[in-house]
Amino acid sequence: MKISVINGPNLNMLGIREPGIYGNTNYNTLCEMIKAHCADKGVEVTLYQSNHEGCLVDEIQNGYGEVDGIVINPGAYTHTSIAILDAVKAVGIPTVEVHISEVDKREDFRQISYIRLAAKKTISGHGIMGYIEAIDYLIENYGEGK
Ligand code: DQA
């Protein structure tokens, strides 16, 4: 099984940006944690981060025919991007939406999620462990609906 983990804008600033909301763990440590977990589960993983909407669309499309699941935290594009929603719909790859913070309890504008319309599951407010939960969900549901 292959999983693609995609992070959107400002997630490369983890550990620096608003630690009261996003915690003290930096992006590299998050990547190492994800790699170790996937190795443990016998799953191949690719990690990608970009601050640019079109690059995130490209990376979702790159997964077509290549990966069995996507874990994505689109950052602020969650609340604005129909292009990212359409990319996930286009590739038809089971996708889990992750947010480190509890977006539903924050500002009104964060309560709109376009990608949620195409996601199999949304994990929000569980900190960086949300990525691990998302990976485990994809592993548990691998092959469903095939
Ligand atoms: C976020 C929540 C978004 O509203 C915000 O723009 C982010 C991170 C989260 O992980 O909690 O960049 O997706």
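Numbering of residues starts from 1 in every chain and runs along the sequence as written. It should be noted that, the model being predicted, local features are given only for residues of pLDDT at least 70 and side-chain atom pairs only at 80 or more, the latter also being counted only at that level, while totals for whole chains, interfaces and linings use all residues. To obtain the side-chain values, all non-hydrogen atoms of the structure were included, while hydrogens and water were left out.

Peer 1: It is not clear to me how the sheet that holds strand S3 (residues 69–73) should be interpreted in this structure. Could you clarify?
Peer 2: To summarise the sheet geometry, strands pair through backbone hydrogen bonds and adopt either a parallel or an antiparallel arrangement. Across the sheet, which stays open at both edges, the 5 strands sit in the order S2-S1-S3-S4-S5 with parallel pairing between neighbours. With partners counted over all chains shown, the strands left at the sheet margins are strand S2 (44–49) and strand S5 (121–124), one partner each. Going across the sheet, the axis of each strand differs from the next one's by a mean of 15 degrees, ignoring polarity. Strand pairing is assigned whenever DSSP detects at least two bridges linking the two strands. By the criteria applied, helices consist of DSSP H or I runs no shorter than four residues and strands consist of E runs no shorter than two, each listed in order from the N terminus. Here 6 bridges tie strand S1 (residues 2–7) to S2, and the two strands are oriented parallel to one another. Each residue of the ladder has a partner; that of Ile-6, found in S2, is Tyr-48. Here helix H2 (residues 27–41) sits on the sheet in contact with S1 and S2, set at roughly 165 degrees to S2. Only the stretch in contact is used when a helix axis is fitted, and all axes are lines through C-alpha atoms; the angle between N-to-C directions ranges over 0 to 180 degrees. Residue contacts are counted whenever heavy atoms from the two residues lie within 4.5 Å of one another.

Peer 1: Hey, could you run me through the nonpolar core in this one?
Peer 2: Buried together is how nonpolar side chains tend to be arranged in soluble globular proteins. By nonpolar core is meant a set of buried Ala, Val, Leu, Ile, Met, Phe, Trp, Tyr and Cys residues that side-chain atoms within 4.5 Å join together. Between buried and exposed lies partly exposed: a residue is buried under 20% and exposed over 50% of the maximum accessible area for its type, with that area taken using a 1.4 Å probe on protein chains only. In this structure, Val-71 and Tyr-131 are the most contacted members of the largest nonpolar core, which totals 21 residues. Listed by contribution, the elements that provide at least two residues to this core are S1, H2, strand S4 (95–99) and helix H5 (129–140). Ranked by the residues each element gives to this core, the list is headed by H2, at 5 residues. In this structure, Val-71 is in contact with Ile-3, Ser-4, Val-5, Ile-6, Val-96, Val-98, Tyr-131, Ala-134, Ile-135 and Leu-138, ignoring residues within four places of it in sequence. With 14 residues, the next largest nonpolar core counts Ile-6, Tyr-77, Ile-84 and Val-88 among its residues.

Peer 1: When you look at the pattern of salt bridges in this model, what are you seeing that I'm missing?
Peer 2: Opposite charge on two side chains makes pairing possible when the charged atoms of those side chains draw close. Any Lys or Arg side-chain nitrogen found within 4 Å of a carboxyl oxygen on Asp or Glu counts as a salt bridge. By the definition in use, this model includes 7 salt bridges. We note a salt bridge from Glu-97 to Arg-116, for which the minimum N-O separation is 3.3 Å. Residue Glu-97 is located in strand S4, and its partner Arg-116 is located in the loop between S4 and S5; the two are separated by 19 residues in the primary sequence. Note on Glu-97: relative accessible area 0%, which makes it buried. Here Asp-104 makes a salt bridge to Arg-116, at a shortest N to O gap of 3.5 Å. With a gap of 12 residues between them, Asp-104 in the loop between S4 and S5 and Arg-116 in the loop between S4 and S5 connect regions that are remote in the sequence. Given a relative accessible area of 38%, Asp-104 falls into the partly exposed group. Via salt bridges that share partners, Glu-97, Asp-104 and Arg-116 belong to a single interconnected network.

Shape descriptors only; they carry no functional weight alone.
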